[in-house]
Amino acid sequence: MFWKKSTGSLCNPFPALLVAVLAPCSLSAMAQTQTNAPSASVTHTAARISAPPLRKFRAVDADNRTVLLNHPGVITLVLGTNEDSQDGARAAGIAMYPLQGRRDFQLIVVVDLRDSIATWVPAIVLAKMRSNLDHEAIELKPYFLKNGNKSDPRKSSYVIPDFSGTICPQLGWTGGSDDLRGILFGADGREIERWDKLEDMATLQTDVRAAIQAFIDADKAKSAAAAKNQGSKLIQPPTPHLPLPPLAPPAPN
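Residues numbered from 1 in each chain as written. Predicted model: local features only at pLDDT ≥ 70, side-chain atom pairs only at ≥ 80, totals over all residues. Heavy atoms only, no water.

Caption draft 1: The nonpolar core, seen in detail. Grouped together as the largest cluster of nonpolar side chains are 32 residues, with contacts concentrated most on Leu77, Leu79, Met96, Phe105, Leu204, Val208 and Ile212. Of all the secondary-structure elements, those providing two or more residues to this core are strand E4 (75-81), helix H3 (86-95), strand E5 (105-112), helix H4 (122-146) and helix H5 (201-230). Among the elements that line this core, the one with the most residues is H5, at seven residues. Setting aside its immediate chain neighbours within four residues, isoleucine 212 contacts Ile75, Leu99, Arg102, Asp104, Phe105 and Leu244. (Core = buried A, V, L, I, M, F, W, Y, C linked by side-chain atoms within 4.5 Å. Buried < 20%, exposed > 50% of the residue type's maximum accessible area, 1.4 Å probe, protein only. Helix = DSSP H or I, 4+ residues; strand = E, 2+ residues; numbered from the N terminus. Contact = heavy atoms within 4.5 Å.)

Right, dumping it as structure tokens:
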């Protein structure tokens with residue numbers, strides 16, 4: 001069980017802090033006005049059908065902060081792990097190292113502690129998690145700097161312990177699993193990909209990078225359209241995206 005392992009491995013299933021992100025993608029623009037335009041009620045009904053309300057997932061992390069797991073405006077990778085899948089979570093964290101510190105990406109780790117002896121001593125578990133995060137922030141600092149981010153990585157490191165099943169079932173993880181699981185949320189806060197058994201970290205990295213690149217391209221297109229409408233030069237987004245780093249094997253842990 002999760003609590004029976006050594007204290008070091010108990011709460012450190014992720015070498016690179018796992019947290020996350022999605023940048024909001026704008027919805028489709030309304031149709032052009034026609035002479036025989038549909039009534040307002042019809043238009044509103046169509047809008048409701050095409051854009052269902054966004055379901056938001058919130059949870060409390062090891063630092064007692066309320067975290068929005070599918071935050072619009074960033075691409076977010078949420079990893080679901082426990083004692084049995086901590087090695088996979090470690091590999092996934094390393095695969096995300098080159099993306100850590102980007103303003104358009106975040107990694108969040110949910111640790112499933114349901115039916116674990118860890119529920120008997122939550123204070124000790126949380127204290128060890130926070131200590132691990134402190135050390136993790138030191139390892140993440142070079143990647144933050146490479147991505148133009150001078151902030152403290154510790155402040156954007158999110159690990160969520162689920163002692164009683166308050167968040168896992170909301171994410172569709174109703175039962176426990178020996179496998180590493182993951183959900184990728186887009187910039188609009190909506191799920192774009194789900195894995196019930198994450199094993200291929202190279203494919204994971206490729207999929208996450210593709211989602212970030214799509215977000216970058218959408219922002220550029222939006223800026224170009226705005227500039228065209230204003231009859232001016234291309235307007236950069238308020239916070240320009242950095243180019244994605246070259247795809248390369250992650251640094252060793």
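Caption draft 2: Main features of the pattern of salt bridges. Applying the stated rule across the entire model yields eight salt bridges. In this structure, arginine 65 and aspartate 61 form a salt bridge, with 2.9 Å as the shortest nitrogen-oxygen distance. Where glutamate 199 meets lysine 197, a salt bridge forms, and the shortest distance between an N and an O atom there is 3.9 Å. Given the relative accessible area of 49%, lysine 197 is considered partly exposed. (Salt bridge = Lys/Arg side-chain N within 4 Å of Asp/Glu carboxyl O.)

Caption draft 3: Main features of the confidence of the model for the protein. The share of residues in the protein with pLDDT of 70 or more is 74%, and the mean pLDDT across the chain is 80. Overall, residues 1-48 carries pLDDT values under 50, and its contacts beyond four positions in sequence, including any with other chains, amount to 129 contacts. (pLDDT = per-residue confidence, 0-100.)

Caption draft 4: Spotlight on the packing of aromatic side chains. What the rule picks out here adds up to two aromatic pairs. Between the aromatic rings of tyrosine 97 and tyrosine 143, the centroid separation amounts to 4.9 Å while the plane-to-plane angle is 20 degrees, which identifies the pairing as stacked. Placement of tyrosine 97 in the loop between H3 and E5 and of tyrosine 143 in helix H4 is noted, with a sequence separation of 46 residues between them. According to the relative accessible area criterion, tyrosine 143 is buried, its value standing at 17%. (Phe/Tyr/Trp six-rings, centres within 6.5 Å; stacked < 30°, edge-to-face > 60°.)

Caption draft 5: Fine view of the pairing of strand E7 (residues 181-185). Taken across its five residues, E7 has five buried, putting it largely inside the fold. Taking every second residue as pointing to the same face, both faces of E7 are buried, with Arg181, Ile183 and Phe185 on one and Gly182 and Leu184 on the other. Two elements, E4 and E7, share five bridges in a ladder whose sense is antiparallel. Following the sheet pairing, leucine 77 is matched in E7 by leucine 184. With four bridges joining them, E7 and strand E8 (residues 191-195) adopt antiparallel strand pairing. Counted as the bridge partner of phenylalanine 185 is glutamate 191 from E8. Between E7 and E8, which pair antiparallel one after the other, the connecting turn spans five residues, and glycine 189 there sits at a positive phi close to 85 degrees. (Pairing = 2+ DSSP bridges.)

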